[in-house]
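# Descriptive analysis of the structure
What follows is each chain in one-letter form.
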Amino acid sequence: MSHTTDRPVLTSRDSWKALQSHHAEIQDKHLRDWFAEDPQRGEKLSLEALGLFLDYSKNRIDAKTIALLVALAESANLKDRIEAMFSGEKINTTEQRAVLHTALRAPRDAQIEFEGENVVPEVHAVLDKMAAFCERVASGAWRGHSGKRILNVVNIGIGGSDLGPVMAYESLRHFSNRELTFRFVSNVDGTDFAEATRDLDPAETLFIVASKTFTTQETMTNAKTARQWLLAGLGDDVSAVAKHFVAVSTNADEVAKFGIDTENMFGFWDWVGGRYSMDSAIGLSTMLAIGPQQFREMLDGFHAMDEHFRTAPLAENLPVLMGLLNVWYANFFNVKTVAVLPYDQYLKRFPAYLQQLTMESNGKSTTLSGERVDYDTSPIFWGEPGTNGQHSFYQLIHQGTHLIPCDFIAFGKSLNPLGEHQDILMANVIAQGEALAMGKTAEEVEREGTAAELVPHRVFEGNRPSNTLLVERLTPAVLGKLIALYEHSTFTQGAIWEIDSFDQWGVELGKVLAKQIMPELQSKDAALGHDSSTNGLIERYRQWK
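Residues numbered from 1 in each chain as written. Predicted model: local features only at pLDDT ≥ 70, side-chain atom pairs only at ≥ 80, totals over all residues. Heavy atoms only, no water.

A few words on the domain arrangement of the protein chain. Splitting the protein chain by domain gives domain 1 (30-60 + 324-475), domain 2 (136-292) and domain 3 (507-544). One C-alpha centre belongs to domain 1, the other to domain 2; they are set 37 Å apart. With 15 residues of domain 1 at the interface, the matching set in domain 2 holds 15 residues. Here domain 1 packs against domain 2, burying approximately 1,400 Å² in sum over the two surfaces, 61% of which is carbon and sulfur. Of all residues in domain 1, Y346, Y353 and Q356 bury the most surface against domain 2, accounting for 42% of the area lost on that side. At the junction of domain 1 with domain 2, the criterion picks out two salt bridges. For K348, the salt bridge goes to E170, with nearest N and O atoms at 3.9 Å. Where domain 1 meets domain 2, there are six residue pairs in polar contact (both at pLDDT 80 or more). (Domains from an automatic or database assignment. Contact = heavy atoms within 4.5 Å. Buried area = accessible area lost by both parts, 1.4 Å probe. Salt bridge = Lys/Arg side-chain N within 4 Å of Asp/Glu carboxyl O. Polar contact = N/O pair within 3.5 Å; in protein donor to acceptor, adjacent residues only side chain to side chain.)

Here V338 is to be found in strand β10 (residues 337-343). A relative accessible area of 2% means that V338 is categorised as buried. Taking the C-alpha atoms as reference points, V338 and S87, 251 residues apart in sequence, are found 31 Å from one another. When residues no more than four places from it in sequence are discounted, the contact partners of V338 are N326, P379, I380, F381, W382 and P405. (Helix = DSSP H or I, 4+ residues; strand = E, 2+ residues; numbered from the N terminus. Buried < 20%, exposed > 50% of the residue type's maximum accessible area, 1.4 Å probe, protein only.)

The strand order β1-β2-β13-β12-β10-β11 describes an open sheet built from six strands, whose pairing is mixed. Whereas interior strands pair on both sides, the edge strands pair on one side only; in this sheet they are β1 (46-49) and β11 (380-382). Averaged over all neighbouring strand pairs, the angle between strand axes comes to 15°, with direction disregarded. Summarising the sheet, strand β2 (residues 52-55) and strand β13 (residues 466-471) pair through four bridges and their orientation is antiparallel. Bridging across to β13, D55 finds its partner in T468. Relative to strand β12 (residues 406-411), helix α18 (residues 476-497) is tilted by about 170°, and along the sheet it contacts β2, β10, β12 and β13. (Pairing = 2+ DSSP bridges. Axes fitted to C-alpha atoms, helices over the stretch in contact; angles between N-to-C directions.)

Where β1 lies against β2, four bridges are found, and the strand directions are antiparallel. Along β2, the bridge assignment pairs A49 with L52. Turn length for the β1-β2 hairpin, with the two strands adjacent in sequence and antiparallel, is two residues, and the turn residue L50 shows positive phi of about 55°.

In this section: helix α14 (residues 350-362). Look at α14: 18 Å from first C-alpha to last across 13 residues, which is about the 18 Å you get at 1.5 Å a residue. The buried fraction of α14 is high, at 10 of 13 residues. Those residues of α14 that fall on the buried side of the exposure criterion are F350, P351, A352, Y353, L354, Q356, L357, T358, S361 and N362. Against α7 (160-171), β10, β11, β12 and α18 lie the buried residues of α14. (Expected span 1.5 Å × (residues − 1).)

The five strands lie next to each other as β6-β5-β7-β8-β9, forming an open sheet whose pairing is parallel. At either end of the open sheet lies a strand with only one pairing partner, and these are β6 (181-185) and β9 (265-266). On top of the sheet, α7 reaches β5 (152-156), β6 and β7 (205-210); it is set at about 150° to β6, its chief contact. Contacts from helix α9 (residues 217-233) reach β5, β6, β7 and β8 (245-248) within the one sheet, and its direction differs from that of β7 by about 160°.

Counting 128 residues, the largest nonpolar core has W271, L284, L288, F350 and L482 as the members making the most contacts within it. Viewed by domain, this core spans two of them, domain 1 (30-60 + 324-475) and domain 2 (136-292), each represented by three or more residues. In this structure, W271 is in contact with A98, V99, L100, H101, A103, L104, F114, V119 and V123, ignoring residues within four places of it in sequence. Residues L200, F207, F214 and L234 belong to the second largest nonpolar core, which totals 24 residues. (Core = buried A, V, L, I, M, F, W, Y, C linked by side-chain atoms within 4.5 Å.)

Moving on to the packing of helix α1 (residues 14-26) against helix α4 (residues 63-75). A pair of packed helices can be characterised by two numbers: the angle between their axes and the separation between those axes. The interhelical angle for the contact between α1 and α4, taken along N-to-C directions, is 160°, at an axis separation of 9 Å. In terms of orientation, α1 and α4 fall into the roughly antiparallel class. Seen along the crossing, α1 lies across α4 with a hand that is left-handed. Contacts between α1 and α4 pair S15, W16, A18, L19, H22, E25 and I26 from the former with K64, T65, L68, L69, A71, L72 and S75 from the latter. Class assignment for the residues of the contact of α1 with α4 results in eight nonpolar, four polar and two charged. (Parallel < 35°, antiparallel > 145°, perpendicular 65-115°, else oblique. Left-handed = near helix turned anticlockwise from the far one by under 90°. Nonpolar A, V, L, I, M, F, W, Y, C, P; charged D, E, K, R; others polar.)

Locating K511 in the fold gives a position in helix α19 (residues 508-522). In the structure, K511 is positioned 145 residues away from T366 in sequence and 21 Å away in space, judged by C-alpha atoms.

Turning our attention to the UniProt feature "active site" (unreviewed entry) in the protein chain. Taking the UniProt record as the reference, the feature "active site" (unreviewed entry) is found at E360, H391 and K511. In terms of the greatest pairwise C-alpha distance, the residues named above, spread along 152 residues, do not form a single cluster, extending to 37.3 Å across. As for its position among the elements, H391 is in the loop between β11 and α15 (394-399). In this structure K511 comes out as partly exposed when scored by relative accessible area, which is 40%. (UniProt positions renumbered as here; feature names shortened; annotations may be inferred.)

Our next topic: the packing of aromatic side chains. Inspection of the entire model under this criterion finds 23 aromatic pairs. Ring centres of Y276 and F502 lie 5.4 Å apart, and the angle between their planes is 50°; on these two criteria the pair is classed as tilted. With Y276 in the loop between β9 and α12 (284-311) and F502 in the loop between α18 and α19, this residue pair connects regions lying 226 residues apart in the sequence. For Y276, a relative accessible area of 1% corresponds to the buried category. Under the relative-accessibility criterion, F502 is labelled buried at 10%. For the ring pair W328 and F333, a centre distance of 5.4 Å and an interplane angle of 80° mean the geometry is edge-to-face. (Phe/Tyr/Trp six-rings, centres within 6.5 Å; stacked < 30°, edge-to-face > 60°.)

Written out as structure tokens, the structure is:
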């Protein structure tokens, strides 16, 4: 499949130039004026699909903007790129890999071919194996070395092997098995392991070691520490390891060497990227928490959004619209960050999950054809749940010098209805969108009787864009839809920018250098050949040792 070499570079395309001209015409127009001119704007610039309602009317756009952004997507052959991903082409060109995370949530009767073979039966074989294991743990049929039931589950992973499982557990805690305690260890800092296991009984604890290669430095360091901790608590009988450890990996030799029975190894495939893997065997802790049935409901939610992304016209396609709006702000308003603000405490780890998804995917400066880009790619994604953020960084969003588009995510029904809590929460999220868009003029401030010297401090310029995503209730299926929405929005942006959203070479260099520095920290005699700053830091650490 040819990618970019036969087309003009992005910034010299007619569709890009048309957006530049359009931006020059409308960049100073205020959302107050847009809403005043069109009383139906809120209805016209909103979209509902799969039970998700997106109000994007508080963006600095009009119908023409959307038409021009869709034309840009067409000039990037977005539809062909989507089809190439779903059909198993090797669109991760720098690693020559297919990108088939969509197969992880395909129904049992689907046909998805990779190199001439339908991968769906394999996917469901792993899901069935996971389900059987989870049922054994939940029923008490799986017992630890001393015959006790498993009551604690510790997931050891990093990156996609941690962020997804942690986020899913926190998001779906309402639906989880409260008889089990779940902990997550990712950081190689020994404090992470020490605090996660401090109050646990080794005889009742199961470790899931999640590492595709079973060689990831941080994960395997923590896994070895877990093994020592377990054996110290169970009389140093190495046969205990097989009763308290399972692996999510593809490296059977290393798994067996560790002492894990390869029957308790859950595999996945080269066409699954780490940050797209939480619905694969990497989600074993999620399935243990919410059970196989609800895990499958989550997968159905993912799949519903996959199908919407694949089939809906670009202008009526939730992920495409959200992706194009990010391109609009990043490339034409020079926006550097996007805030994701879920008004639901269960989604407290969702912004952290999206940081990896968006920035590891699109934090690139080289096009598919190897050229340096001459435009911005991924903005920085960040956020916290509302209403906490309102008492923290919203000051900057409302009155600071940075333009920060916001994604508000809110639910009509609380999973924990208590008095007026949900009404207050919803009043706040709706009010924030209105305040950011409309602001407050000096005249309005003066009419309130504010002292003249305070007026400038109490003016809100407004015209600050946001999306509001409303859903009736957070469920496993809805979580699947939300994650897939952002996955495909990220893909849309990468396709426009003509970058490889599925590699992450930027993670490599620091890891390589850390392996060189490690023996230099452990031996005072090792000669140092770094720059003076790096040498000085190594020497200072050696003195403390």
